[in-house]
Amino acid sequence: MFSKREGEEKQGDFWIESARVSKPKSQGFYSKLNEHLAEMDFARQVWALCAPAYCEESRGGRPGIDPVVYLKMLMVGFFENLRSERAIAARCEDSLSVRAFLGYGLEESTPDHSSLSVIRQRLGPEIYQGVFEVVLAALKAHGLFRGRHLGIDSSVIEANASLRTLVHRNTEEAYWEYVKELAAKEGVDPEDQGAVRRFDTKRPARRTSNEEWKNPHDPQAKVGRTKDGACDMIYKPEHVTDLENGAIVQVEVLEGDHPDTKALSERVACAVEVVNRIVAKERDGVVRSLTADKGYFAIEEIAQIQEFDIRTVIGDAHAARRRKEALSAPLRKALHRAACAVKSQSGKALLRKRGMHLERSFEHLLDEGGLRRATLQGTENLTKRYKIAAACFNLSLLMRTLLGVGTPKQWMAGAH
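Predicted model only: the values in this text are computed from it and were never measured. (Residues numbered from 1 in each chain as written. Predicted model: local features only at pLDDT ≥ 70, side-chain atom pairs only at ≥ 80, totals over all residues. Heavy atoms only, no water.)

### Here we look at the packing of aromatic side chains
Now for step 1: Taken as a whole and assessed by the stated rule, the structure comprises 7 aromatic pairs.
Now for step 2: An angle of 40 degrees between the planes, with centres 5.0 Å apart, marks the rings of Tyr30 and Phe101 as tilted. Highlighted residues: Tyr30 in helix α1 (residues 27–39) and Phe101 in helix α5 (residues 96–102), separated in sequence by 71 residues.
Now for step 3: Taking the relative accessible area as the measure of exposure, Tyr30 reaches 1% and is therefore buried.
Now for step 4: Between Phe78 and Phe79, the aromatic rings sit 5.2 Å apart at their centres with planes inclined by 75 degrees, giving edge-to-face as the arrangement. Per residue, the accessibility class of Phe78 equals that of Phe79, and both read buried. (Phe/Tyr/Trp six-rings, centres within 6.5 Å; stacked < 30°, edge-to-face > 60°. Helix = DSSP H or I, 4+ residues; strand = E, 2+ residues; numbered from the N terminus. Buried < 20%, exposed > 50% of the residue type's maximum accessible area, 1.4 Å probe, protein only.)

Here's what the structure looks like:
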């Protein structure tokens, strides 16, 4: 038998103690996460980082939202696979476990999604980087970050922009109107959108160049291939990962047409600075190698990285037809070192780890963390959100090591 609830009239209590309210299973995960954040002294460090952004005198109105609450809401977005700030705010308002995680009672209103946008604009990129390094330091304290062997790779984010809204950079002509004119000349009804779309897909001279076309609403979004191979507006997230344990060392969201090899040595130098800050320049923490796929090979950049005394395990995609005699002596030496590193047993082991740890981090952040499809615009806004998601990935790695569980889903699936 079962207990029927519909239609029953019961005398309700005048009031109920909050301690008697039923607790969802997922609250256990967020309680443990709160405990680990407290052990890290997370709140005090965040308040110190955010103090310069809140140092202006109040001009009236209600007090600002605690930045720790804001960051915890972004953590919920990662762990609950929520794409937009609006969805995050709705989840925080509805969930008892998330309310407890944020420190809000049943009678209090959680922050609105518009407040999240205001705080994101208030906090500068350096604050997000500081929060990311706070979590990275916690990994170091538990022996989960050494920074000796790094790997780098990039993936794709679908931009919050449409191909149909493209305009020509010089004439400001709308792309869709341009295609309809071409379709009309070929005898296709320009009012039949389906026919025009099929014509645009199959026309032989089609070339949607980023040098000619731009999106007026999101100029930094670029035309490119998505993960599924479709042509769309995209951004390119890039990860630098510790290949010994999978911790993310540095992340950045680049424009969709940014070449992997462009300014590679500068981005690697930034990652090395992060490692040196976290490990306090310990002997076992110095970066010894950088591993990447063949798309990152540029001989000049490889030589620059090797000048940092970093071994480069990056295959040369043009090794068969590269004219070594045309290179200078330093470049030939750098090329020889890179080739030897790729062929060595240790180099092959690092390449296997690169595929394992980097692909796993992209899967967690993009496909399971709600970031494959962007709801924000611009590389700065996307990088801010992405850095907190990467920090959450590192938190998940820490909790998985200490508790055997790294996400709310894993917690609910286990016997807790």
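Having seen the structure, we can now continue with the description.
### Topic: the layout of surface pockets
Now for step 1: Considered as a void within the structure, the second largest pocket measures approximately 270 Å³ in volume.
Now for step 2: Broken down by element, the lining of the second largest pocket gets its largest block of residues, 8 residues, from helix α12 (residues 329–343).
Now for step 3: Across the lining of the second largest pocket, the residue classes tally to 8 nonpolar, 2 polar and 5 charged. (1 Å grid on protein atoms, 1.4 Å probe; cavity = no way out; pocket = protein on both sides within 12 Å on 5 of 7 lines; lining within 4 Å. Points joined across faces, edges and corners; volume = space filled by probe spheres on them. Nonpolar A, V, L, I, M, F, W, Y, C, P; charged D, E, K, R; others polar.)

### Focus: empty space enclosed by the protein
Now for step 1: Within the structure shown, the criterion is met by 3 cavities of 30 Å³ or more.
Now for step 2: Considering only enclosed or pocket space, the largest cavity measures out at about 80 Å³ in volume.
Now for step 3: Arg83, Ile157, Val253, Gly370, Leu371, Arg373, Ala374, Thr375, Leu376, Leu382, Arg385 and Tyr386 are the residues that line the largest cavity.
Now for step 4: It is helix α14 (residues 379–403) that contributes the most residues to the lining of the largest cavity, 3 residues altogether.
Now for step 5: Residues of the lining of the largest cavity, tallied by class, amount to 7 nonpolar, 2 polar and 3 charged.

### Describing helix α6 (residues 113–122)
Now for step 1: Restricting attention to buried positions, one finds in α6 the residues Ser115, Leu116, Ile119 and Arg120. Looking down the long axis of α6, one finds its buried residues gathered within 140 degrees of arc, a one-sided arrangement.
Now for step 2: Along its buried surface, α6 packs onto α3 (67–79), α4 (85–94), α7 (125–141) and α14. (Arc of directions from axis to C-beta. Contact = heavy atoms within 4.5 Å.)

### Things to note about a positive patch on the surface
Now for step 1: A contiguous patch of positive charge on the surface is contributed by Arg164, Arg197, Arg198 and Lys202.
Now for step 2: In this structure Arg198 comes out as exposed when scored by relative accessible area, which is 51%. (Patch = residues over 30% accessible without salt bridge, like charges linked within 9 Å, V, L, I, M, F, W, Y side chains within 5 Å. Areas by Shrake-Rupley, 256 points an atom, 1.4 Å probe, with all protein chains shown as cover. Salt bridge = Lys/Arg side-chain N within 4 Å of Asp/Glu carboxyl O. Lys, Arg positive; Asp, Glu negative; His and termini not counted. Charge placed at Lys NZ, Arg CZ, Asp CG, Glu CD.)

### Here's the deal with the environment of Arg400
Now for step 1: Its place among the elements puts Arg400 in helix α14.
Now for step 2: Along the sequence, Arg400 and Arg311 sit 89 residues apart, while their C-alpha atoms lie 31 Å from each other.
Now for step 3: Other than its neighbours up to four places away in sequence, Arg400 contacts His364, Val405, Gly406 and Gln410.

### Observations concerning the nonpolar core
The tendency in soluble globular proteins is for nonpolar side chains to be buried as a group.
Now for step 1: Counting 107 residues, the largest nonpolar core has Leu33, Phe42, Phe145 and Tyr386 as its most contacted members.
Now for step 2: Among the elements that take part in this core, α14 stands out by supplying 12 residues, more than any other.
Now for step 3: Other than its neighbours up to four places away in sequence, Phe145 contacts Leu136, Leu139, Lys140, Asp242, Asn245, Ala247, Val249, Val275, Ile278 and Val279. (Core = buried A, V, L, I, M, F, W, Y, C linked by side-chain atoms within 4.5 Å.)

### A closer look at the packing of helix α10 (residues 264–279) against helix α11 (residues 299–307)
Now for step 1: Two elements in contact, α10 and α11, have axes whose closest approach is 8 Å; the angle formed by their N-to-C orientations is 30 degrees. Viewed along their axes, α10 and α11 adopt a mutual orientation that is roughly parallel. The two elements α10 and α11 meet at a crossing, and its hand is right-handed. Along the contact surface, α10 presents Leu264, Ser265 and Val268, while α11 presents Glu301, Gln304 and Ile305.
Now for step 2: Counted by class, the contact of α10 with α11 contains 3 nonpolar, 2 polar and 1 charged residues. (Axes fitted to C-alpha atoms, helices over the stretch in contact; angles between N-to-C directions. Parallel < 35°, antiparallel > 145°, perpendicular 65-115°, else oblique. Left-handed = near helix turned anticlockwise from the far one by under 90°.)

Read these as spatial facts, not as claims about activity.
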